[in-house]
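# Observations on the model geometry
Listed here are the chains, written in short residue letters.
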Amino acid sequence: QATALIAPSKGNEAKAMAARGPIAFFLVVAAVVMLPDVASASSRATAVTKQIAARHLALAGLPDPKCHTGVISLKEEGKPQVCCAGYCGECSDYPTCGSVRGQNSTNACCATNVYETRCGNAPANVCLKKCTESVPPCIMEEGEVFTAPDPNTRNAGSDCNEAVSGWRAKAAAATAPTQP
């Protein structure tokens, strides 16, 4: 243990590295193993938030015409865009779209199947309505191309620190005594 506290210099650098080796190796391995969990936790949190919002809209009987609570598909020529369920992660015909989270999600996450189960094309008890009438999964309005918002647009979070300092300056000016 005494070698772990030795400051590295030319003569004892190898001893210090050898003493720190197992600990450093363990920390690197732990960081690499935990990295995917952090990324998946973020996507799971987003999916859960979308599911909760979709449930609230459904309970209130409100539609989701802009697919805020789902995942929108890319525009394909000749087909309207579809809005898949929020837990899908993406709305396309990727290989595992039929078994997201270990359940049968073919008609909720596979863009082609969502489009094919639209009302007028599928039996009335399983057909998917337009998003102007329903929550995801649903069919987006034809003739309108929906795109994701630009993440670089200005919002309240981008200038939060300036807003706080501006508010404090106004509050100080409002409460300061007036001078004759």
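First, a word on scope: everything that follows refers to the structure included in this document. Each chain has its residues counted from 1, following the order in which its sequence is written. A pLDDT threshold of at least 70 governs which residues receive local features in this predicted model, and a stricter bar of 80 or more applies before side-chain atom pairs are shown or counted, although totals over entire chains, interfaces and linings include all residues. Excluding hydrogens and water, the side-chain values take into account all heavy atoms of the structure.

By the element assignment, His56 lies in helix 1 (residues 13–60). On the accessibility criterion, His56 (53% relative accessible area) is exposed. In this structure, the C-alpha to C-alpha distance between His56 and Val135, residues 79 residues apart in sequence, is 9.9 Å. Helix numbers and strand numbers start at the N terminus; a helix is a DSSP run of H or I with at least 4 residues, a strand a run of E with at least 2. Only protein chains enter the calculation, and the probe is 1.4 Å; a residue is then buried if its accessible area is under 20% of its type maximum, exposed if over 50%, and partly exposed in between.

With an omega of 0 degrees, the peptide bond running from Pro136 to Pro137 counts as cis. Considering the arrangement of structural elements, one finds Pro137 in the loop between helix 3 (111–116) and strand 3 (138–139). Backbone geometry places Cys67, a non-glycine residue, at a positive phi of 60 degrees. Structurally, Cys67 is set in the loop between helix 1 and strand 1 (71–72).

Below, the discussion takes up the state of the cysteines. Two cysteine sulfurs form a disulfide in these notes if their separation is within 2.5 Å. The final tally for this structure, using the stated rule, is six disulfides. Sulfur-sulfur distance for the disulfide between Cys119 and Cys127 comes to 2.1 Å. Across the S-S bond of Cys119 and Cys127 the torsion is about 65 degrees, and the bridge reads as right-handed. For Cys119, a relative accessible area of 36% corresponds to the partly exposed category. Note that Cys131 is cross-linked by a disulfide to Cys138, the S-S spacing being 1.9 Å. Here Cys131 and Cys138 share a disulfide; its torsion about the S-S bond, 90 degrees, makes the bridge right-handed. Just as Cys131 is buried, Cys138 falls in that class too. What connects to what in the protein chain, once the bonded cysteines are numbered by sequence position, is 1-2, 3-5, 4-7, 6-8, 9-10, 11-12.

Interpretation note: all reported values are geometric properties and have no functional meaning in isolation.
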